[in-house]
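The primary structure of each chain is shown beneath.
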Amino acid sequence: MATKRNADPAPRSARERLLAAADELFYEGGIHTVGIDRVIERAGVAKASLYDCFGSKDELIRAYLQARHEVRKARITQRLERCDTPRQKLLGVFDALCEATAAPGFRGCAFTRVTAETQPSAGVKAVCDEARGWLRELFTSLAREAGVADAAGLARQLALLYDGALAASQVGTGAEAAETARGAAQVMLDAALAAGSST
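Residues numbered from 1 in each chain as written. Predicted model: local features only at pLDDT ≥ 70, side-chain atom pairs only at ≥ 80, totals over all residues. Heavy atoms only, no water.

S.K.: Would you mind going over the layout of surface pockets in detail, with residue names and values included?
M.R.: Looking at the largest pocket, its volume works out to about 400 Å³. If you go around the largest pocket, you meet 21 residues; those closest to its centre are Tyr27, Arg68, Arg75, Phe106 and Gly108. Sort the elements by how many residues they give to the lining of the largest pocket and helix 4 (residues 57–80) lands first, with six residues. Across the lining of the largest pocket, the residue classes break down as 15 nonpolar, two polar and four charged. Counted as a void, the second largest pocket has a volume near 290 Å³. Sorting the residues of the lining of the second largest pocket by element identifies helix 6 (110–117), helix 7 (122–146) and helix 8 (151–173) as the ones contributing at least two each. It is helix 7 that contributes the most residues to the lining of the second largest pocket, seven residues altogether. By residue class, the composition of the lining of the second largest pocket is seven nonpolar, three polar and six charged. (1 Å grid on protein atoms, 1.4 Å probe; cavity = no way out; pocket = protein on both sides within 12 Å on 5 of 7 lines; lining within 4 Å. Points joined across faces, edges and corners; volume = space filled by probe spheres on them. Helix = DSSP H or I, 4+ residues; strand = E, 2+ residues; numbered from the N terminus. Nonpolar A, V, L, I, M, F, W, Y, C, P; charged D, E, K, R; others polar.)

Encoded structure:
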């Protein structure tokens with residue numbers, strides 16, 4: 001008896017193809033050096049499709065960063081689902097960073113790279129601010145749940161560690177910087193918890 005072939009996946013829309021091409025090209029080559037024509041060619045769509053879907057290169061960059069933000073949120077959230085306590089989750093954020101920096105094709109933080117390349121527009125800056133804000137709020141919430149007295153203060157320190165590890169990993173240290181940052185985060189977290197219990 002003949003087996004039934006799996007149905008072909010639904011074809012991607014022009015918007016999806018443009019975003020996939022932008023993600024690959026912008027992350028690999030940078031938003032400044034990669035022009036619209038290269039994105040259109042890689043996506044295999046007409047130039048009019050880009051303007052119909054996004055209106056401008058700037059809006060395409062904003063959408064590219066927003067998609068990156070959603071992927072990072074999902075990756076971290078999935079990693080934290082394997083943790084039982086707020087302390088484990090705080091360190092789990094750095095475990096997720098270790099995994100990301102060790103992945104093939106890792107080229108650093110997309111948000112930092114965009115900011116360093118050019119003066120971002122209001123829309124692009126808003127997405128970068130949202131990504132940083134989400135991480136800071138996550139650190140604050142988890143630190144509070146863990147019982148840290150100055151949760152916001154520890155969150156600022158952990159965010160700085162996270163950003164520093166990303167920057168160092170971009171210049172060739174791979175996951176080593178993230179692993180070092182995790183160790184430092186553990187020391188800082190344990191010190192904050194000890195300080196809270198002694199007051």
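S.K.: Report on the environment of glycine 92, specifying residues and quantitative values.
M.R.: With respect to the helices and strands, glycine 92 occurs in helix 5 (residues 86–102). Each C-alpha atom, one on glycine 92 and one on arginine 82, is 8.6 Å from the other, the two residues being ten residues apart in sequence. Contacts of glycine 92, omitting those with residues within four sequence positions, involve Arg79, Leu80 and Cys83. (Contact = heavy atoms within 4.5 Å.)

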